Amino acid sequence: MNSVWVGWCEITIFDIHPVIEKTEKKNLESLLDYYRTDTVIPSSTDKHKLLKVLSGKACDPPPIWLMRQAGRYLPEYLEVRADAGSFLELCYNPDLAARVTLQPIERFGFDAAILFSDILVIPDALGQKVSFVQNEGPVLEPLEDGKAIKTLSRDGFLDHLAPVFETVKLVRSSLDPGVALIGFCGAPWTVATYMVGGRGSPDQAAARSFAYQDPEGFQHLIDLLVEVSVEYLLAQLDAGAQALQIFDSWAGNLPEGEFDRWCLQPAKRIVSGVRAIVTDVPIIGFPRGVGPLYPLYAREAGVNAVSCDTSLPLEFIRQKLQPHVCVQGNLDPLLLVSGGPALDRRIDEIIEVLGDGPMIFNLGHGIVPQTPLKHVDQLIERVRR
Ligand code: CP3
């Protein structure tokens, strides 16, 4: 068992998890070298607000970043996007993807950068063709039955995603050492809703029906997604990501029993699979919309932080979640569009209720394209005043 100190945090690398044995064995040494050299975090944790709160300490003012902070509300993103070809071509172009990852940091000085990619590169890397259609979103050839699931292939999975890891390396090498780099994946349930439905839907009916009608077949899909997500996240860590977020954007439509099977258990397995290699990596979970099931997720998924959606009451977050984990959230993205004194009031409220404990200021969901840039300035100034 190998153990290295990275600033305040000990990273232990021990037995190789069977799932990643084949692909990751060769990367272990470089993983260790990586943590020993490139990313030695200076002992002043003040410089690393995000990592500090993820270790359970409060920070005043709290660190801030925004979900989907690299995106269409930024004119500089639209410029790169116009030259990149398709959205997926942008995701697989390390130079351009690194550039757009850094854009919101350069403009606003957020405390963390999030890798520019998409949760749907995973089905793409498994051989299910994905495209992004203007004004419509992602379109995939839907997986209609258990037989279709068997056509997915892990051959060359990490090779297909190599440009994403290259992006992580590029970003880390040009990012201020005080700004944390967050890697991410979609949670198996949310990714599966797109794989089965073939596109986004308000109720995820296709995946829910599949899971009721053929739970075993659906379990195969979830198991596959758990395994490849572990590989994918470890490769992001190997390339230089310092924290991870698991996006379960569509967890909110699962009834209680289904929540356990398709949201909580897969999250637990991803967390323990990643921690089997990198024990202390901070992980944020985002089971969006699960309401009263949030505390169960916070206690049992094994994550360091939960990202809270807009509908969660602040007192609920403070009393039921913050004693167990760092909390992230939960400003309404549409209030950021509206701005004005109501925006200031809500920012103050969030910090007043949650600021005494470990928290990350963020939105309750992704920033929307119509967000005025000056409202983002207003938000950051207010949080940091
Ligand atoms: O946060 C960041 O800045 C990093 C990049 C990032 C994107 N997508 C870029 C993106 C991240 C972390 C995601 C996650 C993602 N992707 C989620 C989970 C978070 C959430 O918002 O719920 C989901 C469900 C997806 C799937 C997805 N990607 C959809 C449904 C769409 C179409 C809707 C939309 O917002 O356009 C995308 C496209 C997408 N992903 C864009 C960006 C910047 C816009 C595409 C474009 O520029 O043409």
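Residues numbered from 1 in each chain as written. Predicted model: local features only at pLDDT ≥ 70, side-chain atom pairs only at ≥ 80, totals over all residues.

Caption draft 1: Just the packing of helix H10 (residues 188-197) against helix H11 (residues 205-213), in detail. Two elements in contact, H10 and H11, have axes whose closest approach is 7 Å; the angle formed by their N-to-C orientations is 95°. Taken together, the axes of H10 and H11 are roughly perpendicular relative to one another. Counted together, Ala192, Thr193, Val196 and Gly197 of H10 and Ala206, Ala207 and Phe210 of H11 form the full contact between these two elements. Of the residues contributing to the contact of H10 with H11, the split by class is five nonpolar, two polar and no charged. (Axes fitted to C-alpha atoms, helices over the stretch in contact; angles between N-to-C directions. Helix = DSSP H or I, 4+ residues; strand = E, 2+ residues; numbered from the N terminus. Parallel < 35°, antiparallel > 145°, perpendicular 65-115°, else oblique. Contact = placed C-beta atoms within 7 Å. Nonpolar A, V, L, I, M, F, W, Y, C, P; charged D, E, K, R; others polar.)

Caption draft 2: Spotlight on the site of the ligand. Around the ligand, the structure places 23 residues, and the nearest of them are Ala70, Gly71, Gly137, Phe247 and Ser249. For the shell around the ligand, the elements supplying multiple residues, two or more each, are strand E5 (137-140) and strand E6 (180-186). Here the shell around the ligand is composed, by residue class, of eleven nonpolar, eight polar and four charged. (Near = placed C-beta within 6 Å.)

Caption draft 3: Main features of the sheet that holds strand E9 (residues 305-307). Strand order in the open sheet formed by seven strands is E3-E6-E7-E8-E9-E10-E11, with parallel pairing between adjacent strands. Pairing within the sheet leaves two strands with one partner each, and these edge strands are strand E3 (112-114) and strand E11 (359-363). Here the average twist between neighbouring strands, direction ignored, is 25°. Where strand E10 (residues 326-331) lies against E11, five bridges are found, and the strand directions are parallel. Residue pairing across strands places Gly329 opposite Phe361, the latter belonging to E11. Helix H12 (residues 215-239) contacts E6 and strand E7 (243-248) of the sheet and is inclined by roughly 165° relative to E6. (Pairing = 2+ DSSP bridges.)

Caption draft 4: Representation of the pairing of E10. In terms of residue burial, E10 counts as a mostly covered element, since six of its six residues are buried. Pairing geometry for E9 and E10, over three bridges, is parallel. Looking across to E10, one finds that Ala305 is bridged to Cys326. Each parallel crossover has a hand, and for E9 linked through helix H15 (residues 314-321) to E10 it is right-handed. (Buried ≥ 20, exposed ≤ 12 C-beta atoms within 10 Å, placed from the backbone. Right-handed = clockwise from strand over helix to strand, strands pointing away.)

Caption draft 5: Broad picture of H11. By the burial criterion, the buried members of H11 are Ala206, Ala207, Arg208, Phe210 and Ala211. Considering only its buried residues, H11 is in contact with H10, H12 and helix H13 (256-275).

Caption draft 6: Inspection of the packing of H10 against H12 at higher detail. Following both chains from N to C, one finds H10 and H12 inclined at 120°, their axes separated by 9 Å at the closest point. By the criterion of interaxial angle, the relationship of H10 to H12 is oblique. Considering how the two elements wind past one another, H10 and H12 form a crossing that is right-handed. The residues of H12 that touch H10, namely those facing Pro188, Val191, Ala192 and Met195, are Leu221, Ile222, Leu225, Val226 and Ser229. A breakdown of the residues in the contact of H10 with H12 according to their chemical character gives eight nonpolar, one polar and no charged. (Left-handed = near helix turned anticlockwise from the far one by under 90°.)

Caption draft 7: Structural context of the nonpolar core. Ile122, Val274, Val306 and Val327 are the most contacted members of the largest nonpolar core, which totals 114 residues. If you tally residues by element for this core, the top one is H12, at twelve residues. The residues touching Val306, leaving out its near neighbours within four places in the chain, are Gly285, Tyr294, Tyr297, Ala298, Leu321, Val325, Val327 and Gln328. (Core = buried A, V, L, I, M, F, W, Y, C linked by C-beta atoms within 7 Å.)

Caption draft 8: How the structure looks around helix H9 (residues 162-174). For H9, which comprises 13 residues, the first-to-last C-alpha distance of 19 Å matches the rise-based estimate of 18 Å (1.5 Å per residue) to within 8%. The secondary structure elements touched by the buried residues of H9 are helix H5 (94-108), E3, helix H6 (121-125), E6 and H12. (Expected span 1.5 Å × (residues − 1).)

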